[in-house]
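Architecture and fold: a report
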Amino acid sequence: MIEGFVSASEYMLSNPFNFILLILGVIWGILFGATPGLTGVVGVALLIPFTFVFEPIEGLVMLGAVYVGSTFGGSISAILFNTPGSPEASCTSLDGYPMAKKGQAGMALGLALGSSAIGGIFGTIALILLAPPLADFALAFGPSEYFALAILGITAIASIGSKSIWKALIAGFLGLGLATVGIDPLTGFGRFTFGNDSLLTGISFIPALIGLFALSEVLARVGGTSDGDLLGGGVVSTKLPRLREVWALRITLLRSSVIGTLIGTLPGVGATTAAFISYSEAVRWSKKPEAFGTGTPEGIAAPEAANNAAVGGAMVPLLALGIPGSATTAVMIGGLTIHGIVPGPLLLVQNKELVYSVFIGMLLANVLMIVAGIHIAKYFAKILRLPYAYVGPSIVVLCTTGVFALRSNYFDLAVMAAFGALGFLLLKLDYPLAPLIIGLVLGPIAEVNLRRAMILNNFDMIEIISRPIAGGLLLLSALSLIYGFYYQYRTYRKTC
Amino acid sequence: MSKKVLSLLLVGLLAVFAFALFGCGDDETTTEETETDVTVETTTDDTVTEDTATEDTEAAGGEAAESDYPSRTVEVINQFGPGGGTDLFIRAIGMPMAKITDQSIVGISVTGGGGVPAATEFFNRPTDGYTMMAIGPEEVINHAMGRIDATQFLPVARVQYDQGLFFVGPDSEYESVEQLIEFARENPGDLSIGVTGAAGFDEVLVGLWNLRSEAELEVVPFESSAEAQAAVLGGHTDLMYEEYGPMRALIESGEVTPLVLFSEERLPVLEDVPTALELDIDVTLGRWRGFAFKEGTDQQYVDTMFDVIEEAVEDPLYTSVEEQNMLQYRSELLGPDEFQEFFNSEMETYSDVMEQLDLAQ
């Protein structure tokens, strides 16, 4: 391994062009991540034909940097405009935007950036040192385990409903229910489409989310229910967090990095799920779960560390097995094969220099991300100084084009509009959005994997529960559900 | 200082971007994809009526089709996202096609809804020769399910014809397809097989296998091929079905073992793997990819486009991609008439199989 690093470092140093590509890749990635509708997948796909003119190593180093940058980029718009630029950043809105609203936009962005870099470096180091055992972990996850994992995330809803447990549960079930509209992922037939073929598209997560967060916020602002003024009364502090403040989050960061890396290795779920599960766990283990959703530092650090750690995780099955761990890595595989490289276990033997150059590239990209991220974020933050009369409509336009560009599917626009209205309503009635989103994201994973597990286990629930990982996760879910309700009950008694 | 660095970087980024635009034709097509399709698509709706109106008067007046066709970008609608087999196919053949015609060939992914929104979008476009659809078995299946009317397609060329295999994972007790068939005939439905997508091509193929071999396998659909691969490697499913290309790394590293091939002849790279046909199980269905216009498009456009495709499939830019994925064995190029014939016979086969499997409407 050391020998691999030495030869790769020599290669990188003798080809300084790599560093230029690395810098461009990170910036390209952050910009793509920050723009709604242009995700990391698109960013990588667009660059692939462009890498033909480079050596395979140069191309792959650049694509890796784009991947790293785009995973952070989404949080810039999530924090500043409540408009997640990419799905993996959606969870960051939950606490990032409230913090920015308090006038601490710089603090929120700095936390996101620092957590992303820490998570990203953690994930990459795990990838370098532990790829084979991590790949075994990923393979041990079958449908039963995916189901149990999703359930574990969903049960955190019980701990989130700070004001009213009933409202949290209603929002959670609403999310779970809405996620079932569309094509049944197992039989291929339409569900709850009422004979209308355009409903086959279903309620997909990104348009729903952008409607819920961004559109409803614009509506609320225009309607005067939210603070009419700009964030923090027009003054945007870009004060970055101090090291001490990051150090205070060390446990959250470590937990989220581990969760992110592990979930990142699973081909069936990705950075978005990693962010939400890690957020759920942060709520569950927090001493002040009621602070989540109001702009608490843990609420930003947890999802951001996890989604960037998932980047390293997603590369594990790619290198160890030749299976893409995420949509972005799937696109990268397409690029590799065009260069005549077959990803998989043989890559480490035959193309050592390539693999280790990518590792070095990813580590450097995470560091570069901090430098580039601060500057890009500062420019974005300047937009907040504009009057809302300009910013609001621009957000609506950006959301609309972004949602459409993603799949060129008109129905997604209808979903976005409907969820904008729904979000406004929920905001007015003081329902928490987090449970709804968690239901939308994790519900389909739980449902489809439970059904797969049922088919595989001859519809015997006992067999599913008796699998060690699945059973363990389900037991944990049950315990935390009981504790969550008990905790809520206790605080309820206290306040009365 | 830092501002200077940043502005330098941005300038560099723009320079690279510009280089990409001018240096390489394909990059132009791909960068346009996300930016222009928004405007293009939103304007289409308003112009549809106008365009069809002029189309009608043209037909009535007997006016000839554009002589310098194609004189602008040709868009290819498809129902798969970036990075998928069809997207890569359009990009790969789009490069030589753009070289030949001097016009961009742009893939437009209209995803979700099982491909129905993609077909709807395509059928709403004018028949002016500037919108094609990349079609495959999914369109035939959607027709059999009553979701789209595939008779409205005007086939231009079938370009790719793939072949798939059944695979077992590293810890499987089955070393040959005969063992597998023997067990499955005695214990129908006990063995599970992971496939990609629900009620799609994979499921029809396994369904046909079940009907013709009586060695019944239980289908477990996964959203992506990667998930199905992980499931068979981890021993969660007994088998999986997939084409050769995506499995190449796993075959070469010995992680999976191919048991049986669905094609007329054995693959030269997998000499030892028998075809189902050799075992008297008549399953040779393969995934194919081709281009179609909409019914009513001028015959001259169809012929011109086919000539372009005929030249493009010989281009090394395309053949190298074809060989990477072992697509060269069965991919005989079919012209408009042959493709129409093939398309019709596929519609019959799929409707028949899906009816027997209770998948059709």
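Going by the structure above, here's the rest.
This write-up is about the structure you can find in this document. Remember, predicted model here, so these are calculated numbers, not experimental data. (Residues numbered from 1 in each chain as written. Chains lettered and ligands numbered in written order. Predicted model: local features only at pLDDT ≥ 70, side-chain atom pairs only at ≥ 80, totals over all residues. Heavy atoms only, no water.)

The next thing to look at is the overall build of chain A. Of regular secondary structure, chain A possesses 22 helices and two strands. When the 496 residues of chain A are sorted by exposure, 62% land in the buried category. Taken as a whole, chain A presents about 17,900 Å² of accessible surface, with 70% of it coming from carbon and sulfur. (Helix = DSSP H or I, 4+ residues; strand = E, 2+ residues; numbered from the N terminus. Buried < 20%, exposed > 50% of the residue type's maximum accessible area, 1.4 Å probe, protein only. Areas by Shrake-Rupley, 256 points an atom, 1.4 Å probe, with all protein chains shown as cover.)

Taking 1.5 Å of rise per residue, 15 residues should cover 21 Å, and helix α13 (residues 271-285) of chain A covers 21 Å from first to last C-alpha, within 8% of that figure. With respect to burial, α13 of chain A is a largely interior element, 14 of its 15 residues being buried. (Expected span 1.5 Å × (residues − 1).)

All names here are of chain A. In contact at an axis separation of 7 Å, helix α7 (residues 143-155) and helix α20 (residues 434-456) are set at 150° when each is read in the N-to-C sense. Here α7 lies roughly antiparallel to α20, going by the angle between them. The two elements α7 and α20 cross, and the hand of that crossing is left-handed. On the side of α7, the interface is formed by P143, S144, Y146, F147, A150, I151, G153 and I154, while α20 contributes I438, L442, G443, I445, A446, N449, L450, R452, A453 and L456. Partitioned by chemical class, the residues of the contact of α7 with α20 number 13 nonpolar, four polar and one charged. (Axes fitted to C-alpha atoms, helices over the stretch in contact; angles between N-to-C directions. Parallel < 35°, antiparallel > 145°, perpendicular 65-115°, else oblique. Left-handed = near helix turned anticlockwise from the far one by under 90°. Contact = heavy atoms within 4.5 Å. Nonpolar A, V, L, I, M, F, W, Y, C, P; charged D, E, K, R; others polar.)

For the rest of this paragraph, the subject is the pairing of strand β4 (residues 153-161) of chain B. All names here are of chain B. With nine of nine residues buried, β4 lies mostly within the body of the structure. Two elements, β4 and strand β10 (residues 288-294), share seven bridges in a ladder whose sense is antiparallel. In the strand pairing of β10, L154 is matched with F293. (Pairing = 2+ DSSP bridges.)

Let's shift gears to the sheet that holds strand β2 (residues 105-109) of chain B. Residues and elements named next belong to chain B. Pairing within the open sheet is mixed, and its five strands lie in the order β2-β1-β3-β10-β4. At either end of the open sheet lies a strand with only one pairing partner, and these are β2 and β4. Across the sheet, the mean angle from the axis of one strand to that of its neighbour is 25°, orientation sign disregarded. Across five bridges, the pairing between strand β1 (residues 74-78) and β2 is parallel. Opposite E75, over in β2, you have V106 as the bridge partner.

Moving on, we come to the sheet that holds strand β7 (residues 218-222) of chain B. All names here are of chain B. Taking strand neighbours across the sheet as the criterion, the five strands line up as β7-β6-β8-β5-β9 in an open arrangement whose pairing is mixed. Pairing within the sheet leaves two strands with one partner each, and these edge strands are β7 and β9 (257-262). The sheet shows a mean angle of 30° between the axes of neighbouring strands, taken without regard to direction. With two bridges joining them, strand β6 (residues 192-196) and strand β8 (residues 239-243) adopt parallel strand pairing.

With that out of the way, let us pick up the packing of α7 of chain A against α13 of chain A. Residues and elements named next belong to chain A. The contact between α7 and α13 brings their axes to 8 Å, and the two run at 50°. Between α7 and α13, the interaxial angle falls into the category oblique. Relative to α13, the crossing made by α7 is left-handed. Together, L149, L152, G153 and T155 of α7 and I277, S280, E281 and R284 of α13 make up the contact between the two elements. Grouping the constituent residues of the contact of α7 with α13 by class yields three nonpolar, three polar and two charged.

That is the geometry; function is a separate question.
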